[in-house]
Each structure stands twice: as structure tokens, then as C-alpha cells.
Amino acid sequence: MEKEYIKINRETYDILAEEYKERNYAVKDDFYKNVMFKDLDFSEGKKILEIGPGRGARLNNFLEYGMDVFAIELSNKMCKLCNTIAPQAHIINDDVFGVSFNFKFDFIYMEAVIHNFPLKDVHPLLKRVKSWLNKDGILICTTTVNDEDSEGYEAKDDYDNPRKRFRHRYTEDSFDNIFKENGFKIIDKKYKEEIDEDRKKMWQIVYARKK
Ligand SMILES: C[S@@+](CC[C@H](N)C(=O)[O-])C[C@H]1O[C@@H](n2cnc3c(N)ncnc32)[C@H](O)[C@@H]1O
């Protein structure tokens, strides 16, 4: 049976899909290309999986590198946006825990999604991610930087529709620890500053390989 937080997250992201599509994002494509992806061997034929692509903006970047692009997205409304923006990507509309693959990926990309899972499910989630990565594959995973570690349902107050969804808040240390405790070694860490009229957020970006 579907867990309560997965059901709530699905309903919330279905409702927020239009707002995600219309929002004017403070961080533009050039940050992704020139900073976030700069040291990664994104090149033709590499396989990349994005978990929780939302409106699908990054899928388009991945396609531009000539990669073979897959995504798993819980919200049917978000999947429709992904199919429109990146029709050559393979979009799977499912919970990440309901999917299996008979091949592996060079990269797995998780932007602003790991914090939608309670810590007790992050362990099986990272185990799953690890099993989908090639031996030298790289996981790229982001969340916000917080002063204290906490989790529970929170309303998204930076959106017009303040629906609740599950949110884990990580400090720098508690975020690093989830990778170290689940068989990954961190190979790099970067930061993304997001400042616009609605938000002032600092994001941490972990790059990790299997130990
Ligand atoms: C905060 S949004 C981030 C979207 C996008 N990555 C971005 O940075 O704009 C989280 C996304 O992850 C998806 N998601 C949440 N839980 C998921 C799950 N269990 N399986 C697959 N996708 C999930 C949500 O539907 C939503 O589109």
C-alpha cells in the first residue's frame, strides 16, 4: 500500500505543477552548465537518470549533451510538463520505490527531491540509487542548507498554493552523513545561491561515487 507521505507529496506536486512551470527562476541555465555540471563528463551516449524532475527543465540540458535521458516522476501533472519540454526523454510516472531497471546509469541526478523523504526511507532510497549506478557512476544530489536538522510536513509558503508536503531539513553535516552512511564517498561539494523576490535560499550540491 502507498505510504501516506508519498500520497500527500503526489497530490501537492500535482497541484503545484502549473506554478512550477510559470515561475521565473532566479538561477538560470548558465549556472547549471558553467558551474554545476562543469566538472562532469556529460557527453554523448552517457546514461542519466533524474529522480523527481518536476517541470523537467534539467532534462532539456541533459539532452543537449546528447545523453540518453531517463526520469522517474511521481506527479502525473509534472510528467506532462516533462513530456512537453523534453519529448526525447524517457519519463516514468511512478514512485521511485516502484521502479526497476535491467541496466545501469553513468549519472543519477536528484535536485530538491531527497528532502521529500523521511530519513528512515532515505536509507533504502540511497541503496536503490547505488544499485542503479555504474561502478564509476556519479550521484548529484541537492538540498537546502539549514541550521538544524528536522523533518515533518510543511506548507510551501513560497508558492501561491500553500499545500503541505513532507520536508526533511538537513544541516551541512547531516546531509553529508546520509551519503557516508549509505556506501558513498563524497567527491565534491558546491553551493547554489537562490535569491529572488520570493526566496533567499542556499543550496548544497553533493557529488558522490560508490565506495
Ligand atoms: C521540490 S520538487 C523539485 C523538482 C525539480 N527537481 C526542481 O528542482 O525544480 C520535487 C519533485 O520530486 C517528485 N517526487 C517526490 N517524491 C517522489 C517519489 N517518491 N518518486 C518520484 N518522484 C518524486 C515530486 O513530484 C516533485 O516533482
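Everything discussed here concerns the structure shown above.
These remarks concern the structure in this document. (Residues numbered from 1 in each chain as written. Predicted model: local features only at pLDDT ≥ 70, side-chain atom pairs only at ≥ 80, totals over all residues. Heavy atoms only, no water.)

Below, the discussion takes up the sheet that holds strand 5 (residues 133-144). Sheet architecture is open: seven strands sit in the order 3-2-1-4-5-9-8, paired in mixed fashion. Only two strands of the sheet have a single partner each, and these edge strands are strand 3 (90-93) and strand 8 (184-195). Taken pair by pair, the neighbouring strands of this sheet meet at an average axis angle of 15°, ignoring direction. Bridge count between strand 5 and strand 9 (residues 200-210): seven bridges; the pairing is antiparallel. Following the sheet pairing, Thr143 is matched in strand 9 by Gln204. Where helix 2 (residues 29-36) meets the sheet, it contacts strand 4 (105-111), strand 5, strand 8 and strand 9, and its direction lies at approximately 150° from that of strand 8. (Pairing = 2+ DSSP bridges. Helix = DSSP H or I, 4+ residues; strand = E, 2+ residues; numbered from the N terminus. Axes fitted to C-alpha atoms, helices over the stretch in contact; angles between N-to-C directions. Contact = heavy atoms within 4.5 Å.)

Okay, the site of the ligand next. As a matter of local geometry, the ligand sits amid 20 residues, with Gly52, Glu73, Asp95, Val96 and Glu111 nearest to it. Residue Val96 places a main-chain N or O atom 3.0 Å away from a nitrogen atom belonging to the ligand. Between a nitrogen atom of the ligand and a main-chain N or O atom of Glu111, the distance comes to 2.8 Å. Relative to its free-state accessible area of 590 Å², the ligand is covered by the protein chains to the extent of 94%. When contributions to the shell around the ligand are tallied by element, the ones reaching two or more residues are helix 1 (4-22) and strand 2 (68-73). Looking at the shell around the ligand element by element, the count peaks at three residues for helix 1. (Near = heavy atom within 4 Å. Polar contact = N/O pair within 3.5 Å; in protein donor to acceptor, adjacent residues only side chain to side chain. Areas by Shrake-Rupley, 256 points an atom, 1.4 Å probe, with all protein chains shown as cover.)

On to the environment of Ile51. Relative to the helices and strands, Ile51 resides in strand 1 (residues 47-51). Beyond its immediate chain neighbours, meaning those up to four positions away, Ile51 contacts Ile72, Val96, Ile108, Tyr109, Met110, Val113, Val129 and Trp132.

Counting buried positions along strand 2 gives five out of six residues, so the element sits mostly inside the fold. Relative to strand 2, strand 1 runs parallel, the two being bridged by five bridges. Counted as the bridge partner of Ile51 is Ile72 from strand 2. Following the backbone out of strand 1, through helix 3 (residues 57-64) and into the adjacent parallel strand 2, one traces a crossover that is right-handed. With helix 4 (residues 76-85) bridging strand 2 and the parallel strand 3, this β-α-β connection has right-handed handedness. (Buried < 20%, exposed > 50% of the residue type's maximum accessible area, 1.4 Å probe, protein only. Right-handed = clockwise from strand over helix to strand, strands pointing away.)

Let's shift gears to the side chain of Arg165. By the element assignment, Arg165 lies in strand 7 (residues 164-169). For the buried Arg165, which has no salt bridge, the nearest side chain bearing the opposite charge is Glu154, at an N-O separation of 4.1 Å. Those residues in contact with Arg165 that lie beyond four places of it in its chain are Ile8, Asn9, Thr12, Tyr13, Asn116, Gly152, Tyr153, Glu154, Ala155 and Lys156. (Lys, Arg positive; Asp, Glu negative; His and termini not counted. Salt bridge = Lys/Arg side-chain N within 4 Å of Asp/Glu carboxyl O.)

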